[in-house]
Amino acid sequence: AAAAAAAAAGTAPPAVPAKDEEGARWVEYAATCYLQSVKHAPQRHKNELVNVLHLLAFSEHTGAVGRALAKHVDAMQRWVWLPYVPQLLLSLLNPEAPHAKALLLRVAQAHPQALYCPLRTFLLERRETAARVTQSARALAAKAQESADAAAKAPGAPSGTEEPLDKEKEKKADPTAKSDEEKKKEGQDAQEVDLHKRARDDKAAAHLAAQAAGEATVAFDGAKEVMERLRHKHAHLVTELEVLLSELGARFASSPEERLLVVVHTLLHRCYKYPTATTAEVPASFKKELAGVCRACFSADTSAKHADFVKEYKAEYEKDLDPEQPTFPKALHELIDRLKRWKTQLQADVEERLPTTLRLEDESPGLRGVRFAEAEVPGQRAGESDAANATGAPESLVKLERVGAEVQIVRRHGTSFRCLTFLGVDGSERRFLVQTSLTPAARGEERMLQLLRTLNQTLVHHVETRRRGLCYYTPAVVPVWPQVRLMEDDPHHGTYGEVYEVNCARYGREPDLPIQMFKKALDDAVTGKVRGAEEVLKLRLDAFAEITQKHVTENIFSQFMYKTLPTGSHLWTFKRQMCQQMALSCFISALLRIGGRAPQKIVFAKNTGRVFMLDFHPAFDAKGATEFAEPVPFRLTRNLHAFFTPFGVKGDFVAAMAAAAQACSGPGTNLEAHLLLFFRDQLTVWPWRRMTSAGSAASLLGPSPSEIRRMARANVDEVLKRLPCVAPTPPRQGAPPHEQFSSVQKGVLHLVDAAVNPKNLSRMEPTWAAWL
């Protein structure tokens, strides 16, 4: 009964007052039940804590949940809260901040390193946000004061009441003669009303900005208090971690040539995605972006630090790609050709001048000589090694001995990252990429990995998924700075796009040729020569068919894996494992409506078949709804279908996807609570400033916590509506024969048919590479 009351109280904010004593009592009873179960059997019931956090975040009776926590939290194991540290940190921004801070203080005392890195990154992000919001609040307050002064100086009503009788007499005598004066007076009145309205709007925006600045300061102060307590309690450990994190943030950034290659690679893909004809002029918005990129790449700071780089590349780059120069190309296809030439030149320069292995003593002398005594190997509490999560005992965690002497450079699709090896005192090794220049969406990717880990707990307790050994691959991620993080890596990792590039290099073909052909074939549709949905679709189908028949075969991936793996048994095992891993990723893509699965964003292990998706998180529109406009539900293109074979697709792929859907739709999974917290966190950290007009109050503040809860509720409702459509549906008792003999996996089969349909594939963007 208490659990039912918790579900009823947590699904949506009730329409009763927050001081409703009866509702508060039931919410406290429900939270007490969950906490008691975790207290007495933490190994078995630790996943029930998500219901407590759900009540804390979405119930109107936050104080009742706080009272239950105050009674039982000291009697519970501290390690059970470690998986929910990201949620607790973001709760500092919401009304439940005092209760979240109390939990974080207890976790900081028992498990300092598990909390230190995410807390430090959160503190730095909040400091930047608080400074920005405070500055914006001051600007809005000054604007509101100016508007109020202008409204006060405007002519008011008393100044026009001197001669009402004379005006009335003149109007009766000659009404047409006074029409101009009336219009003038009406115009003055309208201007006055507009000034007063603008003053009220500016005053309201200034009030909201001041309130947001206060909330941001409160969140920063709460995190700062937890950090000060942690530093006071574990001073030596914090000193070691600060040395490590400072060196990671300062010493392992990419070289300017590598950064310029990333910029050129990104600009080239932007050109391919622009919805304009290749023969058309370069859009003005893209010219403005190119000018900003040119100034950023060769700024005064870069010129001071890397004089040789600026001397070699600046003049030529500005001549070719600066819109302010007279030599800038006029048409889009000319710009594409110049970017391709720059991409080829920079790739050759980077591979020729920069080695694939660096020495740690050259890159970071301070990190080479340090010896660690209390620091642990990063990422042990997340990722594939969950042994530490099982007990939470500090002695079960491996201490860090030193960092490996060699620094590998991993290059994928224009990006270059330094790869470090952390050596434990037991001889174990863990590789991590030092990823720099992260976008704000990186935090969303980390929370997506956390959601996949919770789904692994659901899959392991379901009979069909456990029998098949289905499990998401979730590498460990350790935030270091707001734009720097450690991402666990494996030397056998490669991307689906690399397979195609290797094939093109072997046969001397240009990898971007199909993209250019497809975009050029659509010029008639873009310019308006071909109109109508059917005619444009036929144009797309013809271009798609020509590429698949003459340029990209369907056995590229099959040949690559046949030459990579040693024996037929390895190939069969790899094929089955990768088929099931792709099925799990496709299931979550269809469920949460996650798109953008381009070949370079699919990472797989060449020895085990484990699959990991990059930039794997939902996107949102201005109203907070999930944004998804792709005609295919997930990626199952020709080469993947040919490698899995039709038997593998109808067998392992469909069965694994249906089993995962059945496991998630079963009772006792707490899926709704997990999804509500997930969408709340995603919407909280979503970059709203990019989606609204600059300078407006909405762009500075973003949605309020109540609006975010409403958006999260709406997104979860849509997900729960889609889940039964994918899960297996056994035939009803007494159903007609055609229903009894239909497949129970018809929902998954319908998605597979949509994913392999050439009409849907031809409607995808060129950079998605539907022909691969």
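Residues numbered from 1 in each chain as written. Predicted model: local features only at pLDDT ≥ 70, side-chain atom pairs only at ≥ 80, totals over all residues. Heavy atoms only, no water.

1. Things to note about the pattern of salt bridges
Quick reminder of the rule: Take a side-chain nitrogen of Lys or Arg and a carboxyl oxygen of Asp or Glu: if they are within 4 Å of each other, that pair is a salt bridge. For the purposes of this entry, the term helix denotes a DSSP run of H or I that reaches at least four residues, the term strand denotes a run of E that reaches at least two, and both are numbered from the N terminus. A simple rule labels every residue: compare its accessible area, found with a 1.4 Å probe on the protein chains alone, to the largest value its type can have, and call it buried under 20%, exposed over 50%, or partly exposed in between.
On inspection of all chains with the given rule, the structure shows 39 salt bridges. For arginine 353, the salt bridge identified is with glutamate 312, shortest N-O distance 2.5 Å. Of the two residues, arginine 353 is situated in helix 16 (residues 332-353) and glutamate 312 in helix 15 (residues 307-321); the sequence distance between them amounts to 41 residues. Look at arginine 353 and you get partly exposed, because its relative accessible area is 43%. A salt bridge links lysine 721 to glutamate 718; the shortest N-O distance between them is 3.8 Å.

2. Here we look at the pairing of strand 4 (residues 415-424)
Quick reminder of the rule: Strands are treated as partners if at least two bridges between them are detected by DSSP.
Where burial is concerned, most of strand 4 is hidden: nine out of the ten residues are buried. Bridge analysis of strand 2 (residues 400-403) against strand 4 gives three bridges, and the strand direction is antiparallel. Its bridge partner lying in strand 4, valine 403 is registered against phenylalanine 422. The turn joining strand 3 (residues 406-412) and strand 4, which pair antiparallel and follow one another in sequence, is formed by two residues; a positive phi near 55° is taken by histidine 413.

3. Points about the environment of alanine 442
Looking at where alanine 442 falls in the secondary structure, it is placed in helix 20 (residues 442-460). By relative accessible area, which is 6% here, alanine 442 ends up buried. Residues alanine 442 and arginine 485, spaced 43 residues apart in sequence, show a C-alpha to C-alpha distance of 9.2 Å.

4. So, the packing of helix 26 (residues 556-564) against helix 28 (residues 638-665)
Here is the rule we go by: Inter-axis angles, ranging from 0 to 180 degrees, are taken between N-to-C directions of lines fitted to C-alpha atoms, where helices are fitted over the stretch in contact. Here roughly perpendicular refers to angles of 65 to 115 degrees, roughly parallel to angles under 35, roughly antiparallel to angles over 145, and oblique to all remaining angles. The contact criterion used throughout is that any non-hydrogen atoms of two residues lie within 4.5 Å. Gly is placed with the polar residues, together with every amino acid not listed as nonpolar (Ala, Val, Leu, Ile, Met, Phe, Trp, Tyr, Cys and Pro) or charged (Asp, Glu, Lys and Arg).
Axis separation between helix 26 and helix 28 bottoms out at 7 Å; the angle between their running directions is 50°. Considered as vectors, helix 26 and helix 28 are oriented oblique to each other. Here helix 26 contributes Ile556, Phe557, Ser558 and Met561 to the contact with helix 28, which in turn contributes Asn639, Ala642 and Phe643. The class makeup of the residues in the contact of helix 26 with helix 28 is five nonpolar, two polar and no charged.

5. Description of helix 7 (residues 97-110)
As a reminder of what qualifies: Expected helix span is given by 1.5 Å per residue-to-residue step, counting one fewer step than there are residues.
Under the 1.5 Å per step criterion, the end-to-end length of helix 7 is 20 Å for 14 residues, consistent within 8% with the ideal 20 Å. Buried within helix 7 are the following residues: Ala97, Ala100, Leu103, Leu104, Leu105, Val107 and Ala108.

6. Some points on the pairing of strand 7 (residues 484-488)
Counting buried positions along strand 7 yields five of five residues, so the element is predominantly enclosed. Of the two faces of strand 7, the one lined by Val484, Leu486 and Glu488 and the one lined by Arg485 and Met487 are each fully buried. As paired elements, strand 5 (residues 429-435) and strand 7 share four bridges and run antiparallel to each other. Counterpart to phenylalanine 432 in the pairing with strand 7 is glutamate 488. Note: strand 6 (residues 477-481) against strand 7, four bridges, orientation antiparallel. Within strand 7, the position partnered with proline 479 by the bridge is arginine 485. If you look at the hairpin formed by strand 6 and strand 7, you'll find two residues sitting between the two strands.

7. So, the confidence of the model for the protein
Going by this rule: By definition, pLDDT measures how confident the predictor is in each residue, and it falls between 0 and 100.
Counting all residues, the mean pLDDT for the protein is 86, and 87% of those residues have values of 70 or more. This model gives residues 1-18 a pLDDT under 50, and the stretch forms 27 contacts once residues within four places in sequence are excluded.

8. Thoughts on the packing of helix 13 (residues 284-297) against helix 15
What describes two packed helices is the angle between their axes and the distance between those same axes. Relative orientation of the contacting elements helix 13 and helix 15 amounts to 170°, with a least axis distance of 11 Å. If you check the angle between helix 13 and helix 15, you find them roughly antiparallel. Residue-level contacts link Leu290, Val293, Cys294 and Cys297 of helix 13 to Phe309, Tyr317, Glu318 and Leu321 of helix 15. By residue class, the composition of the contact of helix 13 with helix 15 is seven nonpolar, no polar and one charged.

9. Details of the packing of aromatic side chains
Basically, it comes down to this: Between the rings of Phe, Tyr and Trp (Trp by its six-membered ring), a pair exists once the centres lie within 6.5 Å; its type follows the angle of the planes, with under 30 degrees stacked, over 60 edge-to-face, and the other angles tilted. In this scheme, Lys NZ or Arg CZ marks a charge over a ring once it lies within 6 Å of the ring centre and within 35 degrees of the ring normal.
The full count for this structure, using the stated rule, is 20 aromatic pairs. Centroid distance tyrosine 317 to tryptophan 342: 5.3 Å. Interplanar angle 75°. Geometry classified as edge-to-face. On the criterion of sequence distance, the pair formed by tyrosine 317 in helix 15 and tryptophan 342 in helix 16 is long-range, its members being 25 residues apart. Taking the centre distance of 4.9 Å and the plane angle of 90° together, the rings of phenylalanine 557 and phenylalanine 643 count as edge-to-face. Taken together, the residues span a long stretch of sequence, with phenylalanine 557 in helix 26 and phenylalanine 643 in helix 28 at a distance of 86 residues. The burial state of phenylalanine 557 is the same as that of phenylalanine 643; both residues are buried. An aromatic cluster is defined as three or more aromatic residues linked by ring pairs; in this entry it consists of Tyr496, Phe557, Phe574, Phe604, Phe643 and Phe644. Lysine 575 extends its terminal NZ or CZ atom over the ring of phenylalanine 643, reaching a point 5.2 Å from the ring centre. Note that arginine 635 overlies the ring of tryptophan 768, its terminal NZ or CZ placed 4.3 Å from the centroid.

10. Looking at the side chain of glutamine 87
Counted only if it meets this: For the purposes of these results, a polar contact is taken to be a pair of N or O atoms within 3.5 Å, where, inside protein, one atom must be able to donate a hydrogen and its partner to accept one; residues adjacent in sequence count only when each atom of the pair is a side-chain atom.
Note that glutamine 87 resides in helix 6 (residues 85-91). Engagement of the side chain of glutamine 87 in a polar contact is seen with the side chain of glutamine 450, the distance being 2.8 Å. A polar contact is formed between the side chain of glutamine 87 and the side chain of aspartate 681, at a distance of 3.0 Å. Residue contacts for glutamine 87: discarding those within four places in its chain leaves Leu53, Gln450, Leu677, Arg680 and Asp681.

11. Here's the deal with the sheet that holds strand 10 (residues 611-613)
Two orientations exist for strands paired in a sheet by backbone hydrogen bonds: parallel and antiparallel. The strand order across the open sheet formed by three strands is 8-9-10, and the pairing between neighbours is antiparallel. In this open sheet, the two strands that pair with only one neighbour each are strand 8 (493-495) and strand 10. Between one strand axis and the next, the sheet turns by 30° as a mean value, whatever way the strands run. Sheet analysis places strand 9 (residues 602-605) next to strand 10, joined by three bridges and oriented antiparallel. Considered in strand 10, the bridge of isoleucine 602 is made with methionine 613. Of the strands in this sheet, strand 8 and strand 9 are in contact with helix 22 (residues 496-507), which crosses strand 8 at around 70°.

12. A look at unusual backbone geometry
Leaving glycine aside, a negative phi is the common case for residues, and trans is the common case for peptide bonds. One non-glycine residue, arginine 593, adopts positive backbone phi at about 60°. In this structure, arginine 593 sits in the loop between helix 27 (568-592) and strand 9. For threonine 645, which is not glycine, the phi torsion reads 70° and is therefore positive. By the element assignment, threonine 645 lies in helix 28. With relative accessibility at 26%, the residue threonine 645 sits in the partly exposed group.

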